[in-house]
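Breakdown of the fold
This is what each chain is made of:
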Amino acid sequence: MNRPITADRVFRWITVLSVISIAGVILYLYSNLVAYAAIAMVLSYLLEPLVNKMQRIGMPRVAGISVTLAILILLLAWVSTTFIPILAHQMSLLAGQLTMDNIQQITRRIEQSILETITVLPEGFLQENVTTLAEGLLDTGRIPELMSGLIGLFTNLFYAIIVIPLATFFFLKDGHTIRRDLLRVVPNRYFETTLTLIDKVERQLGRYFRSVLIQCSLVGFFAWIFLSMADLANATSVGITIGVANTIPYFGPLLGYILSIIISIIETGDFSLVLPCILAVLAVQLMDNVLFQPLIFSRSANMHPVAILFIIIIGAQTAGMIGMLVAIPIATVVKITISQILWSFRNYQVYRIETPPPLPPANPESNR
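Residues numbered from 1 in each chain as written. Predicted model: local features only at pLDDT ≥ 70, side-chain atom pairs only at ≥ 80, totals over all residues. Heavy atoms only, no water.

Okay, the overall build of the protein next. Counting secondary structure elements, the protein contains 11 helices and 0 strands. Each helix (α) and strand (β) of the protein, taken in turn from the N terminus, gives the series α-α-α-α-α-α-α-α-α-α-α. In the protein, which comprises 368 residues, the share counted as buried stands at 27%. Long-range pairs, those at least 24 residues apart, make up 66% of the contacts in the protein between residues at least 6 apart in sequence. Counting every atom, the protein has about 24400 Å² of accessible surface; 71% of that belongs to carbon and sulfur. (Helix = DSSP H or I, 4+ residues; strand = E, 2+ residues; numbered from the N terminus. Buried < 20%, exposed > 50% of the residue type's maximum accessible area, 1.4 Å probe, protein only. Contact = heavy atoms within 4.5 Å. Areas by Shrake-Rupley, 256 points an atom, 1.4 Å probe, with all protein chains shown as cover.)

Laid out in structure tokens, this is it:
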């Protein structure tokens, strides 16, 4: 039976739509702050087990959070002072090799090698396209635009260094209070379902982010080792890129192959390092699929591989690289939410609409 439309119901719908609209505007205007909050939330999921362990051994929670964040900041400082100079040196050497003359010479050699195998291709098919692309990328007229983007990047990085640690601290310190305050607005009818849903989502996301962090760190480390054994000069930068790209299933490993092939050709000017680099990345992917994923990542997303593939493609078409990175966590939240709601409807009596029992048949003798 349809409920009548009353002024109270209309006011509630207007209020809900207004809140959603305001939230959308805030997300659009302050997307950087939303991104910082999301990163801080992920860090809080990653660090909470360590903070809880410190709290269990008798350390106050605030002290445990402070020690954990201090260790994280020192670790990041060590990584930045150790690896960033190496990356900067490798990138400067690589940039020195990316001149128009070198690009044309390398392209000419590659084209000759391809034409010796595939004779039906027209001469100059590769050199003309690569030269046009390189001229567009190395256009000096784009330097002011690139410098402006670089300044904006450093500005956002400065804000991130300030905002993210503070937000992570308060998420770890007041996470339970925030959750409790949010649950106060939930009607009693849906309280138990909402509480269970939040608990499952937090546990699943925490397990997923921790697994991805460990897995990608191992992939990046072994990619660096194997590419160094293959005599790739830029093994450090390529290995780190492969580790970061591995956060995207299917497409990350493909990017690792493409990047290692391109860098090896730029370094040597021929195909001499292509096969060793392919074998090095292949060895890392075999280790990932045979050892890392079963032992560390396991099935944190708890989804079919085909479903993950389509989810990543949808994320890429919706928001590019960022969409690919957040597609699986968002899909995990949606999946858990739907499963919990369906389970609640099947098992909780409060969700069932009780129909009144039928009236007993009238006794004809009572009318006499």
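Read on, since the account is not over.
With that out of the way, let us pick up the pattern of salt bridges. One pass over the structure, following the stated rule, counts 3 salt bridges. The salt bridge involving Arg 61 is made with Glu 48; its shortest N-O contact spans 3.9 Å. A residue pair is termed long-range when its members are at least 10 positions apart, and Arg 61 in helix 3 (residues 61-97) and Glu 48 in helix 2 (residues 31-56) qualify at 13 residues. You can call Arg 61 buried: its relative accessible area is 15%. Owing to a relative accessible area of 22%, Glu 48 belongs among the partly exposed residues under this scheme. Close ionic contact of Asp 174 with Lys 173 constitutes a salt bridge, the shortest N to O distance being 3.1 Å. (Salt bridge = Lys/Arg side-chain N within 4 Å of Asp/Glu carboxyl O.)

Take helix 7 (residues 188-229) next. In this model helix 7 runs 62 Å from its N-terminal to its C-terminal C-alpha over 42 residues, within 8% of the 62 Å that 1.5 Å per residue would give. Taken from the residues just after helix 7, Asp 231 is the one with a positive phi, measuring 70°. (Expected span 1.5 Å × (residues − 1).)

On to the side chain of Gln 204. You can see Gln 204 is positioned in helix 7. In this structure Gln 204 comes out as buried when scored by relative accessible area, which is 14%. A polar atom in the side chain of Gln 204 sits 2.9 Å from the side chain of Arg 207. (Polar contact = N/O pair within 3.5 Å; in protein donor to acceptor, adjacent residues only side chain to side chain.)

We now examine the packing of aromatic side chains. A full pass over the atoms with the stated rule returns 7 aromatic pairs. On the basis of an interplanar angle of 20° and a centroid distance of 6.4 Å, the ring pair of Tyr 45 and Phe 209 is categorised as stacked. Here Tyr 45, found in helix 2, pairs with Phe 209, found in helix 7; they are 164 residues apart in sequence, far enough to count as distant. Grouping residues by exposure puts Tyr 45 and Phe 209 together as buried. Geometrically, the ring pair formed by Phe 221 and Trp 224 is edge-to-face, given 5.9 Å between the ring centres and 65° between the ring planes. (Phe/Tyr/Trp six-rings, centres within 6.5 Å; stacked < 30°, edge-to-face > 60°.)

On to the side chain of Thr 236, then. Structurally, Thr 236 is set in helix 8 (residues 235-245). Excluding residues within four positions of it along the chain, Thr 236 makes contact with Phe 83, Ile 86, Leu 87, Gln 90 and Trp 224.

What follows concerns the environment of Ser 211. With respect to the element layout, Ser 211 can be found in helix 7. Among the residues examined, Ser 211 registers a relative accessible area of 6% and is labelled buried. Separated by 165 residues in the primary sequence, Ser 211 and Leu 46 place their C-alpha atoms 9.5 Å from one another.

Another aspect to go through is the packing of helix 8 against helix 9 (residues 251-268). Between helix 8 and helix 9, the least distance of the axes is 8 Å, while the angle of their chain directions is 165°. The orientation of helix 8 with respect to helix 9, classified from their angle, is roughly antiparallel. Seen along the crossing, helix 8 lies across helix 9 with a hand that is right-handed. When helix 8 is examined against helix 9, the residues Val 238, Thr 241, Ile 242 and Ala 245 are found in contact with a partner set consisting of Gly 252, Leu 255, Gly 256, Leu 259, Ser 260 and Ile 263. The class makeup of the residues in the contact of helix 8 with helix 9 is 6 nonpolar, 4 polar and no charged. (Axes fitted to C-alpha atoms, helices over the stretch in contact; angles between N-to-C directions. Parallel < 35°, antiparallel > 145°, perpendicular 65-115°, else oblique. Left-handed = near helix turned anticlockwise from the far one by under 90°. Nonpolar A, V, L, I, M, F, W, Y, C, P; charged D, E, K, R; others polar.)

With 26 residues, helix 2 should reach 38 Å at 1.5 Å per residue; the first-to-last C-alpha distance of 37 Å fits that figure. Along helix 2, the sharpest change in direction is near 45° and occurs at Leu 47; proline Pro 49 comes one to four residues later. All of the buried residues along helix 2 are Tyr 36, Ala 40, Ser 44, Tyr 45, Leu 46, Leu 47, Val 51 and Met 54. One or two positions beyond helix 2, positive phi appears at Gly 58, with a value near 110°. (Bend = angle between axes of the 7 residues up to and from the residue.)

Once that is clear, we can look at the confidence of the model for the protein. Averaged over every residue, the pLDDT of the protein is 76; residues scoring 70 or more account for 75%. The least confident element of the protein is helix 5 (residues 125-137), whose mean pLDDT is 62; the most confident is helix 8, at 87. (pLDDT = per-residue confidence, 0-100.)

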